[in-house]
Amino acid sequence: MADEQERRLVSIMVKPKAGVDAVALYDKIKSEVTSQEEYKIKWDDACKVENGKIYTSFTIALEADFDEEVMEVIECMEDEVEDQQITYQAAMEG
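Throughout what follows, the structure given in this document is the object of discussion. Quick caveat, the model's predicted, so the values are computed rather than measured.

Parameters at a glance
Residues numbered from 1 in each chain as written. Predicted model: local features only at pLDDT ≥ 70, side-chain atom pairs only at ≥ 80, totals over all residues. Heavy atoms only, no water. Helix = DSSP H or I, 4+ residues; strand = E, 2+ residues; numbered from the N terminus. Phe/Tyr/Trp six-rings, centres within 6.5 Å; stacked < 30°, edge-to-face > 60°. Buried < 20%, exposed > 50% of the residue type's maximum accessible area, 1.4 Å probe, protein only. Arc of directions from axis to C-beta. Contact = heavy atoms within 4.5 Å. Patch = residues over 30% accessible without salt bridge, like charges linked within 9 Å, V, L, I, M, F, W, Y side chains within 5 Å. Areas by Shrake-Rupley, 256 points an atom, 1.4 Å probe, with all protein chains shown as cover. Salt bridge = Lys/Arg side-chain N within 4 Å of Asp/Glu carboxyl O. Lys, Arg positive; Asp, Glu negative; His and termini not counted. Charge placed at Lys NZ, Arg CZ, Asp CG, Glu CD.

### With respect to the environment of D27
Stage number 1. Among the secondary structure elements, D27 is positioned in helix α1 (residues 22-32).
Stage number 2. Measuring from C-alpha to C-alpha, the distance between D27 and A46 comes to 8.7 Å, with 19 residues separating the pair along the chain.

### Topic: the packing of aromatic side chains
Stage number 1. In this structure the tally under the stated criterion is three aromatic pairs.
Stage number 2. By way of ring pairs, the aromatic residues Y26, W43, F58 and F66 are connected into one cluster.

### Quick notes on helix α2 (residues 66-75)
Stage number 1. Listed in full, the buried residues belonging to α2 are F66, E69, V70, M71 and I74. Along the long axis of α2, the arc covered by the buried residues comes to 150°, so they all point the same way.
Stage number 2. Residues of α2 that are buried in the fold lie against β1 (7-16), α1, β2 (42-43), β4 (53-61) and β5 (81-91).

### What to know about the environment of K28
Stage number 1. Among the secondary structure elements, K28 is positioned in helix α1.
Stage number 2. Between the C-alpha atoms of K28 and M77, which are 49 residues apart in sequence, the distance is 10.0 Å.
Stage number 3. The residues contacting K28, other than those within four sequence positions of it, are V33, M77 and E80.

### Side note on a negative patch on the surface
Stage number 1. Judged by side-chain charge, D65, D67, E68, E72, E75, E78 and D79 come together as a negatively charged surface patch.
Stage number 2. One can find D79 in the loop between α2 and β5.

Structural data, given as structure tokens:
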């Protein structure tokens, strides 16, 4: 049996542009930011919206470059995203 994949937990903040619905944007992020299949990205089912900003987390394979696989993809949603940043990240113990 294959070893269980080592995972990384990443918490992020995404600030939608004015007039963009935060929950709808999060649903779009979850459906469009899928990374490579072998990295098995898993988004939180729901996000927290505070002061108009989306706060959420995802897990992804430890070997994945999550900045490239996730953050740059969100950054490219420039019509809807004003700002985004990583608020926390850590390798998860197996």
